[in-house]
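# Coordinate analysis (summary)
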Amino acid sequence: MPTNAESPNQRTSASGYDLTPPSAAEREELAASLTADERRVILYQGTEAPFCGGFLANKEPGVYHCRLCDLPLFRSVTKFESGTGWPSFYAPFDPDHVAVHRDTSHGMIRDEIVCARCGGHLGHVFPDGPKPTGLRYCLNSASLKFVADGAAHA
């Protein structure tokens, strides 16, 4: 939820959301609600199998949030069919909400994307997406929760 009050250690995104990382205790509390597969993906940089994620075929209007800390990450209007087997987007909800880290695992060099607030693993970003950005944010459905337009959101 956007916030206007800032403490000295608080970071706020351009769109007004609190980006202050959760404490270790808060992160543990958030992680307690995750399934084993969500924990593997979000907390341990796992990847779900292609073509089986719950949001791959979702075409409803709304916003995809971080499954761990609920930060809005991607709008459905930026989702596109990449043919890769994972939900793909060409732009984040707010660039401040997604952090990029170099990933050299599995004998490859890739750009890992994580939630800028909690550090939860989301997927990877590649330079082969559609216009206007030319980027393909390739995400694990296990890292996301979907909030449909018009739905009440806590």
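Residues numbered from 1 in each chain as written. Predicted model: local features only at pLDDT ≥ 70, side-chain atom pairs only at ≥ 80, totals over all residues. Heavy atoms only, no water.

The name given to the protein in an unreviewed UniProt entry is Peptide methionine sulfoxide reductase MsrB, with the source organism recorded as Gemmata palustris.

## Regarding helix α2 (residues 36-44)
Buried within α2 are the following residues: Glu38, Val41, Ile42 and Leu43. End-on, the buried residues of α2 take up no more than an arc of 165°, which puts them together on one face. Counted as exposed and oriented over 90 degrees from the buried face of α2: Ala36 and Tyr44. Elements that come into contact with the buried residues of α2 comprise α1 (24-31) and β7 (121-126). Gln45, located one to two residues past α2, shows a positive phi value of around 55°. (Buried < 20%, exposed > 50% of the residue type's maximum accessible area, 1.4 Å probe, protein only. Helix = DSSP H or I, 4+ residues; strand = E, 2+ residues; numbered from the N terminus. Arc of directions from axis to C-beta. Contact = heavy atoms within 4.5 Å.)

## A closer look at the nonpolar core
Leu68, Leu73, Phe74, Tyr137 and Leu139 are the most contacted members of the largest nonpolar core, which totals 27 residues. Secondary-structure elements contributing two or more residues to this core are α2, β1 (62-66), β2 (72-75), β6 (110-115), β7, β8 (136-139) and β9 (144-148). If you tally residues by element for this core, the top one is β1, at three residues. If sequence neighbours within four positions are ignored, Leu68 has contacts with Arg27, Leu30, Ala31, Leu34, Ile42, Leu43 and Cys118. (Core = buried A, V, L, I, M, F, W, Y, C linked by side-chain atoms within 4.5 Å.)

## A closer look at the sheet that holds β2
Pairing is antiparallel in the open sheet, where three strands are placed in the order β2-β1-β9. Edge strands, defined here as strands with exactly one partner in the open sheet, are β2 and β9. Direction aside, neighbouring strands of the sheet carry axes that sit 30° apart on average. (Pairing = 2+ DSSP bridges. Axes fitted to C-alpha atoms, helices over the stretch in contact; angles between N-to-C directions.)

## Side note on the UniProt feature "domain: MsrB" (unreviewed entry) in the protein
Mapped onto the present numbering, the UniProt feature "domain: MsrB" (unreviewed entry) falls on residues 27-149. The straight-line gap between the two end C-alpha atoms of residues 27-149 is 27 Å; of that span, 11% is helix and 33% is strand. (UniProt positions renumbered as here; feature names shortened; annotations may be inferred.)

## Examining the sheet that holds strand β4 (residues 88-89)
Two modes of strand pairing occur in sheets, parallel and antiparallel, and in both the strands are linked by backbone hydrogen bonds. With antiparallel pairing, six strands are arranged side by side in an open sheet as β3-β4-β8-β7-β6-β5. Looking at which strands have only one partner, the edges of the open sheet turn out to be β3 (79-80) and β5 (98-103). Sheet topology note: the β4/β8 ladder contains two bridges and is antiparallel. Residue pairing across strands places Phe89 opposite Tyr137, the latter belonging to β8.

## As for the pairing of β2
A regular strand places its side chains so that they alternate between the two faces of the sheet. In this structure, β1 lies alongside β2, joined through three bridges in antiparallel fashion. Within β2, the position partnered with His65 by the bridge is Pro72. Here β1 folds back onto β2 in antiparallel fashion, the turn holding five residues, of which Asp70 has a positive phi close to 75°.

## Regarding the layout of surface pockets
Roughly 190 Å³ of volume is contained in the largest pocket. What lines the largest pocket is a set of 16 residues, and nearest its centre among them are Asn58, Lys59, Lys79, Phe80 and Glu81. Partitioning the lining of the largest pocket into residue classes produces five nonpolar, seven polar and four charged. (1 Å grid on protein atoms, 1.4 Å probe; cavity = no way out; pocket = protein on both sides within 12 Å on 5 of 7 lines; lining within 4 Å. Points joined across faces, edges and corners; volume = space filled by probe spheres on them. Nonpolar A, V, L, I, M, F, W, Y, C, P; charged D, E, K, R; others polar.)

## Examining the confidence of the model for the protein
For the protein, the mean per-residue pLDDT works out to 91, and 92% of the residues sit at or above 70. Predicted confidence for residues 1-6 stays below pLDDT 50, and this span has ten contacts to residues more than four positions away or in other chains. (pLDDT = per-residue confidence, 0-100.)

## Examining the UniProt feature "active site" (unreviewed entry) in the protein
Mapped onto this numbering, the UniProt entry annotates "active site" (unreviewed entry) at Cys138. Contacts of Cys138, omitting those with residues within four sequence positions, involve Thr84, Trp86, Pro87, Ser88, Ile113, Leu122, Gly123, His124 and Phe126.

## So, unusual backbone geometry
Omega for the peptide link from Lys131 to Pro132 comes to 15°, which places this bond in the cis form. Looking at the element boundaries, Pro132 is found in the loop between β7 and β8. A positive phi angle, near 65°, is found at Phe51, a position not held by glycine. Within the secondary structure, Phe51 sits in the loop between α2 and β1.

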